[in-house]
Amino acid sequence: MPARFAAGGVRVALVRQLSSGDYFEQWLAGAQAEAQALKITLEVSSGDGNNDKQALNLEQAVQQKADAIIVDHGFADTVQPAIKKAADAGVPLVAFDVDPGTPEAVALTQDDHKIAELALGALKADTGGTGDVLYVYVSGFAPLDRRNEVWTQFKKDNPGIKEVAQIGVVNNSTASAVADQAKAALQANPDVKAIFAPYDEFAKGAAIAVKELGLQDQIKIYGADVSTADIGVITEPNSPWVATATTDPSNVGRIAVRAAALLVAGQQVGPELKIPPALVTQKQLRDAGIANIEQLTGAVPELTTPDVARVPWAAP
Ligand code: SR1
């Protein structure tokens, strides 16, 4: 371990736009575990969905001379000016799920195109490529925008698929807000047979709506992300959520911190790190009796990527 790390003097600022919800909580837990293992002090802030607050937090991290900064989500126009200031000041940067606007920052993403392709592949297999579909989406979030590119192409390639409504909201209670919207959309569109909801809070909300309307036998949900709570929702009796395309969120948080550590140590990373997802189905979870994330990562080892941004001085 480089002396600077061994002495415990390395400070990494994690500047988040959002922090509520299973995905963001697991991601943070992974980042914190990796920071502890590498003797890094992780200074965490959240904009709680407020882009201006996140931009201010980012400016503060630069002023307080963090040794590296991880920017977690955010909108390009609000974070890029502060990212540029940080890059100009020579602060190493990792940008997760947000376009940093500068090649000096390492761009960390999940393979969002693949996430959408995997979920939509399952939707197509189950529907035969025809039928009314409800789509859940909010623009401006880089990962959702990339998944939307695949959905747009998917509709062109599968003219039998009809998007009858688009709903979506991202806030501190996304699932319940989406549930309300989904209920109204499903009541207005009684022939929907699938919901494409590529974010676990969207899928959870859609599942609440389908269950409350008693439509489990008619409608299936194709989502993204996974958590122990999500596995519970997917595997419960008569659940409409039948497939999710996902990485292990805590693994991605770990990678962000490893990448920052390597940059602080003056090592080369990137310029892009793209983490591959896997498709996880309801049938697979039920058949294998998987009830939590630990069991899932044991059964699907490709969700663990220790060689991405490996830190040579860390224990394997
Ligand atoms: C509001 S954006 C939510 C997405 O960010 C991460 O990429 C997760 O996969 C989640 O779906």
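Please refer to the structure placed before this passage.
Residues numbered from 1 in each chain as written. Predicted model: local features only at pLDDT ≥ 70, side-chain atom pairs only at ≥ 80, totals over all residues. Heavy atoms only, no water.

Novice: Would you take a moment to explain the overall build of the protein chain for this structure?
Specialist: Scanning the protein chain from terminus to terminus reveals 12 helices and 12 strands. The principal-axis extent of the C-alpha atoms belonging to the protein chain is close to 60 × 40 × 30 Å. Counting the 316 residues in the protein chain, one finds 55% classified as buried. Across the protein chain, every contact between residues at least 6 apart in sequence was considered, and the portion connecting residues at least 24 apart equals 74%. Looking at the protein chain as shown, the accessible area adds up to about 12700 Å², and 50% of this sits on carbon and sulfur atoms. For the protein chain, the distance from the average position of its 26 positive side-chain charges to the average position of its 38 negative side-chain charges is 2 Å. (Helix = DSSP H or I, 4+ residues; strand = E, 2+ residues; numbered from the N terminus. Buried < 20%, exposed > 50% of the residue type's maximum accessible area, 1.4 Å probe, protein only. Contact = heavy atoms within 4.5 Å. Areas by Shrake-Rupley, 256 points an atom, 1.4 Å probe, with all protein chains shown as cover. Lys, Arg positive; Asp, Glu negative; His and termini not counted. Charge placed at Lys NZ, Arg CZ, Asp CG, Glu CD.)

Novice: How should the nonpolar core be read in this particular structure?
Specialist: Nonpolar side chains tend toward joint burial in soluble globular proteins. Grouped together as the largest cluster of nonpolar side chains are 92 residues, with contacts concentrated most on I195 and L296. No other element matches the 10 residues that helix α10 (residues 249-264) contributes to this core. Both domain 1 (3-109 + 249-275) and domain 2 (112-246) contribute no fewer than three residues apiece to this core. Those residues in contact with I195, other than ones at most four positions away along the chain, are L134, V136, L186, A206, V210, I219, K220, I221 and Y222. (Core = buried A, V, L, I, M, F, W, Y, C linked by side-chain atoms within 4.5 Å. Domains from an automatic or database assignment.)

Novice: What is the right way to look at the layout of surface pockets in this model?
Specialist: A water-sized probe rolled over the atoms picks out the places where empty space is left. Empty space within the largest pocket amounts to approximately 330 Å³. In terms of lining, the largest pocket is formed by 17 residues, of which the most central are E34, R254, R258, A315 and P316. Among the elements of the structure, α2 (22-37) and α10 are those that each provide at least two residues to the lining of the largest pocket. Among the elements that line the lining of the largest pocket, the one with the most residues is α10, at 3 residues. Each pocket or cavity is described by its volume, and for the second largest pocket that value is around 260 Å³. Contributing to the lining of the second largest pocket are 17 residues, with A107, T109, R146, E272 and K274 lying nearest its centre. (1 Å grid on protein atoms, 1.4 Å probe; cavity = no way out; pocket = protein on both sides within 12 Å on 5 of 7 lines; lining within 4 Å. Points joined across faces, edges and corners; volume = space filled by probe spheres on them.)

Novice: What should I look at first to understand the pairing of strand β9 (residues 220-224) in this one?
Specialist: Regular strands place side chains that alternate from one sheet face to the opposite one. In terms of burial, β9 is a largely internal element, 4 of the 5 residues being buried. In the sheet, strand β8 (residues 192-197) pairs with β9 via 4 bridges, with the strands oriented parallel. Bridge assignment links A194 to a residue of β9, and that residue is K220. Here 4 bridges tie β9 to strand β10 (residues 241-246), and the two strands are oriented parallel to one another. Residue Y222 lies in a different strand from β10, and its bridge partner there is A243. In this view, the connection linking β9 to its parallel neighbour β10 by way of helix α9 (residues 228-235) has right-handed handedness. (Pairing = 2+ DSSP bridges. Right-handed = clockwise from strand over helix to strand, strands pointing away.)

Novice: Just to check I follow, could you spell out empty space enclosed by the protein for this structure?
Specialist: Here the structure, examined in full by the defined rule, presents 1 cavity of 30 Å³ or more. One number sums up the size of the largest cavity: a volume of about 130 Å³. Considering the residues around the largest cavity, the lining is formed by 13 residues, among which F24, H73, P143, L144 and Y199 are closest to the centre. Among the elements of the structure, α2 and α6 (142-157) are those that each provide at least two residues to the lining of the largest cavity. Residue contributions to the lining of the largest cavity peak at 3 residues, all from α6. Grouping the amino acids of the lining of the largest cavity by side-chain chemistry returns 8 nonpolar, 2 polar and 3 charged. Split by domain, the residues of the lining of the largest cavity number at least three in each of domain 1 (3-109 + 249-275) and domain 2 (112-246). (Nonpolar A, V, L, I, M, F, W, Y, C, P; charged D, E, K, R; others polar.)

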